[in-house]
Amino acid sequence: MPMEDIDTDQIIPARFLKAIDKLGFGDNLFYDWRYDKNDQPNPDFVLNNPLYSGKILVAGKNFGSGSSREHAAWALHGYGFRVIISSFFADIFKGNALNNGLLPIQVSPEYLDILLQTISQHPDTRITMNLPEQYVMLEPEGEKVHFEIDGYKKMCLLNGYDDIDYLLSLKDKIVEFEKNRSYVPPPLPATN
């Protein structure tokens with residue numbers, strides 16, 4: 001998607017935000033672009049073209065701007081994307097993505113142009129993303145481009161954890177710590 005400034009209202013239009021769980025949001029991803037006014041698939045929209053499929057979305061700069069709705073990350077993940085590559089992400093979107101199992105990879109504007117041009121010329125282009133080694137590469141022998149990610153979020157993505165799952169993974173250590181900790185209750189407040 002070579003478009004720039006894709007905001008959260010374009011990712012998931014506000015009229016679809018009535019649900020309170022994550023199920024079904026992928027069906028409405030980019031709805032106003034994917035479908036015409038008669039709710040028929042728009043043949044000119046890239047995601048309706050079977051040549052462009054996969055779990056990596058390459059998008060123009062400034063992806064995820066606009067409102068802070070977490071639903072945008074839910075919709076992208078629900079559709080099947082696991083990685084979004086752009087040259088810039090809105091901070092709140094980036095956090096929401098990482099908290100929902102979606103990896104936003106920020107690359108240089110120059111490398112993003114290479115990706116978009118290569119995909120445009122060769123829709124069957126394959127992209128490798130290696131999270132443990134933190135690189136993206138055009139197949140078969142493209143340049144490995146390093147990306148940054150917070151160590152904690154990397155660990156969570158590698159293990160399929162959200163923040164609660166991470167805490168639960170430490171349950172035995174927490175229980176052991178609590179057993180060995182001496183607890184002195186605070187003094188009770190004085191009463192008149």
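First, a word on scope: everything that follows refers to the structure included in this document.

Parameters at a glance
Residues numbered from 1 in each chain as written. Predicted model: local features only at pLDDT ≥ 70, side-chain atom pairs only at ≥ 80, totals over all residues. Heavy atoms only, no water. Pairing = 2+ DSSP bridges. Helix = DSSP H or I, 4+ residues; strand = E, 2+ residues; numbered from the N terminus. Axes fitted to C-alpha atoms, helices over the stretch in contact; angles between N-to-C directions. Contact = heavy atoms within 4.5 Å. Buried < 20%, exposed > 50% of the residue type's maximum accessible area, 1.4 Å probe, protein only. 1 Å grid on protein atoms, 1.4 Å probe; cavity = no way out; pocket = protein on both sides within 12 Å on 5 of 7 lines; lining within 4 Å. Points joined across faces, edges and corners; volume = space filled by probe spheres on them. Nonpolar A, V, L, I, M, F, W, Y, C, P; charged D, E, K, R; others polar.

### Observations concerning the sheet that holds strand β4 (residues 127-130)
Two strands in a sheet stick together by hydrogen bonds in their backbones, pointing the same way (parallel) or opposite ways (antiparallel). The sheet built from 3 strands is open, its strands ordered β4-β5-β6 with antiparallel pairing. The strands lining the two open edges of the sheet, one partner per strand, are β4 and β6 (144-146). Mean inter-strand twist for the sheet, computed between neighbouring axes without regard to direction, equals 20 degrees. In the sheet, strand β5 (residues 135-138) pairs with β6 via 3 bridges, with the strands oriented antiparallel. Counterpart to Tyr-135 in the pairing with β6 is His-146. Its contacts with the sheet place helix α5 (residues 109-121) against β4, β5 and β6, and it is angled at close to 35 degrees to β5.

### A look at unusual backbone geometry
At Asp-39, a position not held by glycine, the phi torsion is positive, near 60 degrees. Looking at the element boundaries, Asp-39 is found in the loop between α2 (31-34) and β1 (56-58). Here Asp-39 falls in the partly exposed class, since its relative accessible area comes to 46%. One non-glycine residue with positive phi stands out, namely Asn-62, at about 65 degrees. Relative to the helices and strands, Asn-62 is located in the loop between β1 and α3 (71-79).

### Looking at the layout of surface pockets
Estimated volume of the largest pocket: approximately 650 Å³. Of all the secondary-structure elements, those providing two or more residues to the lining of the largest pocket are β1, α5 and β4. The residue makeup of the lining of the largest pocket, split by class, is 16 nonpolar, 6 polar and 4 charged.

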